[in-house]
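Architecture at a glance
Below, each chain spelled out in residue letters.
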Amino acid sequence: MSLDNTLFTNYWHLACHRRELANEGDFVRLSTVVGDVVMYNDGDDIVAFDNRCAHRGARIYEGECGNQAPTCKYHGWTYRNGMTIIPERERFHNCNIEAARLRTFATEWCGDFLFFSVTPAHTLEAQLGDAARMVEDISFNIDRRIDHNAYEYPCYWPLAIENALESYHVAMVHADTLMGLELEDGEDVFFGDNSIIYAPIGNARLSKQLKRLRPLFEIDFQYEGYMSLYLFPFSMISSTYGYSYSIQNFFPKTGTQDTSNFISRLYTAPARAVNAAAILASFFDSSVKMNRDIFKEDADVCGLLAPDTWSMEPLQYMSERERKISHFRESCRRAMSGLSESAYAGA
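One structure accompanies this document, and this report is about it. (Residues numbered from 1 in each chain as written. Predicted model: local features only at pLDDT ≥ 70, side-chain atom pairs only at ≥ 80, totals over all residues. Heavy atoms only, no water.)

What about helix H7 (residues 274-302)?
Along an α-helix, residues three or four apart share an orientation, since each turn contains 3.6 residues. Compared with the 42 Å implied by 1.5 Å per residue over 29 residues, the 41 Å span of H7 between its first and last C-alpha is a close match. Maximum bend of H7: about 40°, positioned at leucine 280. Along H7, the residues that are buried comprise Ala276, Leu280, Phe284, Ser287, Val288, Asn291, Ile294, Phe295, Asp298, Ala299 and Cys302. Considering only its buried residues, H7 is in contact with strand E10 (144-153), helix H4 (157-165), helix H5 (170-173), strand E15 (244-253) and strand E16 (256-268). (Helix = DSSP H or I, 4+ residues; strand = E, 2+ residues; numbered from the N terminus. Expected span 1.5 Å × (residues − 1). Bend = angle between axes of the 7 residues up to and from the residue. Buried < 20%, exposed > 50% of the residue type's maximum accessible area, 1.4 Å probe, protein only. Contact = heavy atoms within 4.5 Å.)

With respect to the sheet that holds strand E13 (residues 226-231)
Across the sheet, 7 strands lie side by side as E10-E16-E15-E14-E13-E12-E11; this open sheet has antiparallel pairing. Each end of this open sheet is capped by a strand with a single partner; those strands are E10 and strand E11 (187-191). The sheet shows a mean angle of 15° between the axes of neighbouring strands, direction not considered. Lying on the sheet, H4 is in contact with E10, strand E12 (194-199), E13, strand E14 (235-240), E15 and E16; it crosses E15 at an angle near 155°. Across the sheet, H7 is in contact with E10, E15 and E16; its angle to E10 comes to roughly 15°. (Pairing = 2+ DSSP bridges. Axes fitted to C-alpha atoms, helices over the stretch in contact; angles between N-to-C directions.)

Considerations on the side chain of serine 239
In this structure, serine 239 sits in strand E14. When neighbours within four sequence positions are excluded, serine 239 is seen to be in contact with Gly225, Tyr226, Met227, Ser244 and Tyr245.

Regarding the sheet that holds strand E5 (residues 65-67)
Ordered in space as E1-E9-E8-E4-E3-E2-E5, the 7 strands form an open sheet in which the pairing is antiparallel. Every interior strand has two partners, whereas the edge strands, strand E1 (13-17) and E5, have only one. When the angles between neighbouring strand axes are averaged without regard to direction, this sheet yields 30°. Note: strand E2 (residues 26-32) against strand E3 (residues 35-41), 6 bridges, orientation antiparallel. Residue pairing in the sheet places valine 28 in a bridge with methionine 39 of E3. Taken strand by strand, helix H1 (residues 3-10) contacts E1, E2, E3 and strand E9 (113-117), and its axis lies near 125° from that of E9.

Here it is in structure tokens:
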């Protein structure tokens, strides 16, 4: 099995936040190496399923997110409360029509974050390890989604992950955006296959402005600086001062290493009061714009990277600001050799 399929099949993947599926009929669609995976509020349950009708394989959902019943536009098959509602069911004679079901995937919650897996080789708790508590804390300090952005990223997904893991490129690529924070070197912390960077903000004026916003938020978890948590293999959670959280997925794309499936969501932390939310509106608008600008800059530079420039071997020339790349590649090697599975077993 290829690296892409091994990682997608055997691992848990961050899908969405509970607030995105708050109402019956709410859905989030993710593009992945096995096709679309949909997270859906089915009333009494949250389900993850293959976005293909069990009848003839038509795609059920086309939008990225929203509220819509899972009804196939081809022949009207509908999936509700775990049942398949089939028009003219009595006309299906020479088949076991009662067996017609959506293909579903395993789901688990970590706090208010939903994860899914095709055939998990280990538990979610074991995969997250010591990062689980932080994932929970972040999830409990999220109020709502304010941006959903999905498109094809113009490079092989490990190259996009490695770009997100290192800060060496920031001065060159993000001179007018992220560089404005004047991030200091910070600290890299590793949790099994996962990692995080804590980077203080060197721009004293901006840091002072951000601290002044703290009374407007109802939060009990915060890092006063920039942090970016990587959840192996495909997900990132980033934040500045804990006032908003950006969730990114870099999923492999079926049949190609030239592009990847990129999804980003931006969530706000809860405001202390209605008047505080109104005051923060322009702050969140600028956060959406900044995030989109940064991702566009990253996509443009990653488009210069040919797929065959990536391997699981260590970098030949590595800056100290690229050391998390070595950890990532080592995790990929372990996954392909089966060591990750044995390490998580029994945890």
